[in-house]
Every structure is written in structure tokens, then in C-alpha cells.
Amino acid sequence: MAHEAEVREELARLRIRTADVTAAVAASVDGLVLAADPPVADAEGIAALTAAALGVGLRLADSTGRGAFRELLVHGESGYVATYAAGPTCVLTVLAGPRVNVGRLHMEARRAGARVAELLDGAAVRQEDS
């Protein structure tokens, strides 16, 4: 996958910009890992669970009249799992510790998700042109 390195670089920048973010995984909406930073032992499992959570989030947003899915935040005892839409075919899942500034997390992850979507859209256009 030609864009994997660029996506991984964007995930690394997200971790650098946001204190207490421990990992980020970009995955397709059907649960396939596109990139992770740092390499995550169970990236495939995270991607699969993200796809399942995305399905529930999409349905919940739709059935309550809240519009298109944007993000999902889970707050556990040991930190956060946040999932953001990254274009129509990708989701970004971010793992963070309990002391993360949630506002900063949202701001930076939304920015990273938009950049990942741009990278993937650009890669799709390049493939179509080939």
C-alpha cells in the first residue's frame, strides 16, 4: 500500500502533538488495518472492534436523527479510546491515557483524520489514473 508510510507519519505527528496519546490505528470501515503508530500488538483486533463500534455508532446517530457519524469516545478506568471518521472509507482510532486533554485530543485527532482522508483520497485517484 503506497500511502501506508504517509498515513503512519500522520499518526506519529498526532502522537507528538497530543500528550498522553499512546497509539493510533487507521483502519478501513470494514476492519482492515491501514497503518498504526507505534506498531500495535493487536492492531487487527482494534481495527475489527472499531468496525463493529462504527456500525453501532452509525446506526445510533442515524436512528436518533443526529446526522452522519463523526466520532465515538469511550472513557475507561485506564484511559480513552476515541474513533473518528476519516473520510468515507477509513476510521482513525486513538488510544490515550487517563490524563489526556480530551479537547486537545479531539482537535488534533480530527485534524489527523482529515489529513488521512486526503492521503487516502489522493491514493485512490492515483490508482484510478494508472
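Just above, that's the structure.
Reading guide: rules and limits
Residues numbered from 1 in each chain as written. Predicted model: local features only at pLDDT ≥ 70, side-chain atom pairs only at ≥ 80, totals over all residues. Heavy atoms only, no water. Helix = DSSP H or I, 4+ residues; strand = E, 2+ residues; numbered from the N terminus. Buried < 20%, exposed > 50% of the residue type's maximum accessible area, 1.4 Å probe, protein only. Contact = heavy atoms within 4.5 Å. Pairing = 2+ DSSP bridges. Axes fitted to C-alpha atoms, helices over the stretch in contact; angles between N-to-C directions.

This part is about the side chain of His 106. Take His 106: it is sitting in helix H3 (residues 102–129). By relative accessible area, His 106 is classed as buried at 15%. In this view, His 106 contacts Glu 71, Leu 73 and Tyr 84; residues no more than four positions away in its chain are not counted.

Let's shift gears to the sheet that holds strand S1 (residues 21–28). What the 5 strands build is an open sheet, ordered S2-S1-S5-S4-S3; its pairing is antiparallel. The open sheet has two edge strands, strand S2 (33–37) and strand S3 (71–76), and neither has a second partner. Across this sheet, the average inter-strand angle for adjacent strands is 10 degrees, counted without regard to direction. The strands that helix H1 (residues 4–17) touches are S1, S2 and strand S5 (90–96); relative to S2, the one it contacts most, it runs at about 40 degrees. Most of the contacts of helix H2 (residues 43–63) go to S5, to which it runs at about 115 degrees, and overall it touches S1, S2, S3, strand S4 (79–85) and S5.

Across the 7 residues of S4, 5 count as buried, placing the element largely inside the fold. Where S3 meets S4, 6 bridges bridge the pair, whose relative direction is antiparallel. Bridge pairing in S4 places His 75 opposite Tyr 80. Counted along the chain from S3 to the antiparallel partner S4, the turn is 2 residues long. The sheet contact formed by S4 and S5 spans 6 bridges and is antiparallel. In the sheet register, Val 81 faces S5, and the bridge partner there is Leu 95. Hairpin remark: S4 followed by S5, antiparallel, with 4 residues in the connecting loop; positive phi at Gly 87, about 85 degrees.

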